[in-house]
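Topology and contacts: notes
Given next are the chains, with one letter for each unit.
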Amino acid sequence: MKFKLIYIYLLFVPLLFSTNNLKLVLHSGEILIGQSNSSITEDVYLINSDILGEISISKDKVKSFDVLTNVGNKESEKVELSEPANYTTAKQKNEIKNIKKGPQAHLISDLYGKVKLLDAPKSWSGNLRIGMNLSFGDREYTHTYLRGKLKVQERDSPHLFQLSGEYNFRETEQIDGSQYVSQDRYHLNFIYRWFYSDRWFFQNASSYRTDKLKGINNELQNILGFGYRSTFFDTLEFLIGSGVGFQDRSIVGLVEESPVVINVFQELNWKPTKRMKLNQTLYFFQNPDEIDIYNYEFILAVNYRFTDLLGFEMRYFIDFDSGITESIKKDSRFQNALIFYF
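Because the structure is predicted, anything quoted here is derived from the model rather than measured.

1. Description of the overall build of the protein chain
Helix and strand counts for the protein chain come out as 2 helices and 18 strands. Within the protein chain, the proportion of its 342 residues that are buried is 39%. Sequence separation of 24 or more characterises 48% of the internal contacts of the protein chain that already satisfy a separation of 6 or more. When the accessible surface of the protein chain is totalled, it reaches about 20200 Å², and 57% of it is carbon and sulfur.

Structure follows, in C-alpha cells:
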C-alpha cells in the first residue's frame, strides 16, 4: 500500500507544479481540457477551462488524462488509470475513446461548470433543468423556466428525502407594443418517505406555491399520509396513497376557507432503457367542507440521458383550480429542457 501511494505521489508531482494543460477523458466519453494550476487533490481534478471556467471532476469519473506540454512542443505525456484515481476499492478497466467535443453555447457551458463544482455525497442525486422559449411575429413573448430536484437516500436505507422546485415567468408583447405578464408562478415541494416494509410507506409532504394570474398570493400545505408501492420487472415502479393535513393560503376573492385539506397522490416511474426514463405524477387536493373547492396537478415527462452529465426532457404539465377564481382555472403547457445531472 505504501509503495502504491509513493508511486501515485511521484506520478502527480509534475502536475502539481506545472501550468501545462490537462486533458481529461471521462467514462462517458467526454473530453475536458484546461490548465491544472496545481489543483489536483486526492479526490478531484480542479482545472480551469477557457470555455467552462473552473471545473471540479471527481477522479472516479476519469478514464485517463494527458499532460499537454507548453506551446511549441508537440509531445505530450499520457497516463492511463488502471483503477479510478479516487483511492477507493472500486475496480474498473479503462477504455479510451477519442470523441471530439462540439461547440457549446456560453450559457449552457457556464451552467455546466457550476453544476460540476458541486461535490455532493454519493447518497445524493439530482438534476437542474433550464429552458427559454421565444416567439416572434404578431404575438411576441419570452418564457423562462427553471426546475431542479434533489434526492437523498442512503443505499439500502428505508428513508428518502426529496426537494424539488420550479419557476415560470412569461411576458407577452401585443401588436400595439403593450406588454403584459402571461405567466408568473413558482412552487417548492419537500417529501419525506419512510418505507417501513417492502411495499408500504409513510409520507410527509410540504409544499409552497404562488400563481399571480390565478390570484394565489401564497399557499402553504403540510400533509401526512400513507402509500403503497409495487414494482414490475425491476424497471417499473407504481406508487399510490392518500393523506390529510392543513393549509394556509391567501387567495384573491376567497375570504374564509377551511384549513383542512385531503390529498390523493399517484406516481409512475418507468425505465425502459438504461438512459431513458418516463415519469408520471398526479396529485389531487380537496377541501372537505366545500365540495366545489379542489385542485389537481398532472405531469408526464420523458427524459433521455446522453451522458453522465447531460440529458434532455420533454414534459407536459396541467393544473386545475376550481372554486377560487372565475378567470383562469386550468393551465397546461408543453416544455422542453436541457438537463444537468449531478
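Once the structure has been displayed, the description carries forward.
2. Some remarks on the packing of aromatic side chains
The description of an aromatic ring pair uses the distance of the two centres, along with the angle that the planes make with each other. Within this structure, the stated rule accounts for 11 aromatic pairs. Arranged with centres 5.5 Å apart and planes meeting at 65°, the rings of Tyr304 and Phe306 form a pair that is edge-to-face. By way of ring pairs, the aromatic residues Phe284, Tyr294, Tyr296 and Phe320 are connected into one cluster. Across from the ring centre of Tyr341, 3.9 Å away, lies the NZ or CZ of Arg305, which sits over that ring.

3. Comments concerning the pattern of salt bridges
Taken as a whole and judged by the stated rule, the model has 12 salt bridges. Notably, a salt bridge pairs Glu313 with Arg147, separated by 2.1 Å at the nearest N-O pair. Remark: Arg147 occurs in strand S8 (residues 140–152) and Glu313 occurs in strand S17 (residues 310–322); sequence separation between them is 166 residues. A relative accessible area of 4% places Glu313 in the buried class. A relative accessible area of 7% places Arg147 in the buried class. Across the salt bridge formed by Lys214 and Asp319, the nearest N and O atoms sit 3.3 Å from each other. On the criterion of sequence distance, the pair formed by Lys214 in the loop between strand S11 (200–211) and strand S12 (216–232) and Asp319 in strand S17 is long-range, its members being 105 residues apart. For Lys214, a relative accessible area of 2% corresponds to the buried category. In this structure, a network of salt bridges that share partners links the residues Arg185, Arg209, Asp211, Lys214, Glu219, Arg249, Glu257, Asp319 and Asp321.

4. Concerning the confidence of the model for the protein chain
Here the protein chain shows a mean pLDDT of 75. Residues at 70 or above account for 68%. For the stretch residues 2–18, pLDDT sits under 50, and the model shows 21 contacts to residues farther than four places along the chain or on other chains.

5. Describing the pairing of S12
Both faces of the sheet carry side chains from a regular strand, because those side chains alternate between them. Note that S11 and S12 share 11 bridges and pair antiparallel. Its bridge partner being in S12, Trp200 is matched across the sheet by Tyr228. Taking the residues that link successive antiparallel strands as the turn, the S11-S12 hairpin has 4 residues, and the phi of Gly215 there is positive, at about 80°. With 16 bridges joining them, S12 and strand S13 (residues 236–251) adopt antiparallel strand pairing. Following the sheet pairing, Phe226 is matched in S13 by Ser242. With antiparallel pairing between neighbouring strands as the criterion, S12 and S13 make up a hairpin whose turn holds 3 residues, including Phe233 at a positive phi of roughly 60°.

6. Regarding the environment of Phe284
Note on placement: Phe284 falls in strand S15 (residues 276–286). A sequence separation of 11 residues divides Phe284 from Asn295, and the C-alpha atoms of the two residues are 6.0 Å apart. Excluding residues within four positions of it along the chain, Phe284 makes contact with Ile262, Asn263, Val264, Tyr294, Asn295 and Tyr296.

7. Brief notes about the side chain of Ser207
Locating Ser207 in the fold gives a position in strand S11. Ignoring sequence-local partners within four residues, the contact set of Ser207 consists of Leu188, Asn189, Glu219, Leu220 and Gln221.

8. Examining the environment of Phe202
Assignment of secondary structure puts Phe202 in strand S11. A relative accessible area of 22% places Phe202 in the partly exposed class. For the pair formed by Phe202 and Tyr192, sequence separation is 10 residues and the distance between their alpha carbons is 8.2 Å.

9. Quick notes on a nonpolar patch on the surface
Taken together, the side chains of Met276, Leu300, Tyr304, Phe306, Phe312, Met314, Tyr316 and Phe334 make up a nonpolar region of the molecular surface, amounting to roughly 730 Å² of accessible area. Every element with two or more residues in the nonpolar patch is listed here: strand S16 (294–305) and S17. You can call Tyr304 partly exposed: its relative accessible area is 35%.

10. Quick word on the nonpolar core
Within the largest apolar cluster, 14 residues are counted, with the highest numbers of intra-cluster contacts made by Leu22, Leu24 and Ile57. Residues Ile191, Phe195, Val261 and Tyr283 belong to the second largest nonpolar core, which totals 9 residues.

11. Remarks on a positive patch on the surface
The grouping of Lys149, Lys151, Lys271, Lys274, Arg275 and Lys277 at the surface amounts to a positive patch. For Lys277, a relative accessible area of 37% corresponds to the partly exposed category.

12. A closer look at the environment of Ser206
Along the polypeptide, Ser206 turns up in strand S11. Separated by 40 residues in the primary sequence, Ser206 and Phe246 place their C-alpha atoms 10.0 Å from one another. Contacts of Ser206, omitting those with residues within four sequence positions, involve Leu188, Asn189, Phe190, Gln221 and Asn222. At a separation of 2.5 Å, a polar atom in the side chain of Ser206 contacts the side chain of Asn222.

Calculation rules
Residue positions are counted from 1 within each chain, in the order its sequence is given. Thresholds applied to this predicted model are a pLDDT of at least 70 for local features of residues and 80 or more for the giving and counting of side-chain atom pairs; totals over whole chains, interfaces and linings are not thresholded and use all residues. Side-chain measures here rest on the full set of heavy atoms in the structure, leaving out hydrogens and waters. A helix here means a DSSP run of H or I that spans at least four residues, while a strand means a run of E at least two residues long, and both kinds are numbered starting from the N terminus. Accessible area is worked out with a 1.4 Å probe on protein chains only. A residue is then buried under 20% of its type maximum, exposed over 50%, and partly exposed in between. Here, two residues are considered to be in contact whenever any of their heavy atoms come within 4.5 Å of each other. To measure how exposed things are, a 1.4 Å probe is used in the Shrake-Rupley method; for residues, cover is taken only from the protein chains shown. Between the rings of Phe, Tyr and Trp (Trp by its six-membered ring), a pair exists once the centres lie within 6.5 Å; its type follows the angle of the planes, with under 30 degrees stacked, over 60 edge-to-face, and the other angles tilted. For a ring to carry a charge above it, either NZ of a lysine or CZ of an arginine must fall within 6 Å of the ring centroid while also lying within 35 degrees of the normal to the ring plane. One speaks of a salt bridge when a side-chain nitrogen belonging to Lys or Arg is within 4 Å of a carboxyl oxygen belonging to Asp or Glu. pLDDT gives the predictor's per-residue confidence on a scale running from 0 to 100. In this scheme, strands are said to pair when DSSP sees at least two bridges between them. Patches in this entry comprise residues that are over 30% relatively accessible and not in a salt bridge; like charges within 9 Å are linked, as are nonpolar side chains (Val, Leu, Ile, Met, Phe, Trp, Tyr) within 5 Å. Throughout this description, the term nonpolar core refers to a set of buried Ala, Val, Leu, Ile, Met, Phe, Trp, Tyr and Cys residues connected via side-chain atoms within 4.5 Å. Asp and Glu are treated as the negative residues and Lys and Arg as the positive ones, with His and the ends of the chain left uncounted. For charged residues, the charge sits on one atom: NZ in Lys, CZ in Arg, CG in Asp, CD in Glu. For this analysis, a polar contact is any N or O atom pair within 3.5 Å, provided that within protein one partner can donate a hydrogen and the other can accept it, and provided that sequence-adjacent residues contribute only side-chain to side-chain pairs.

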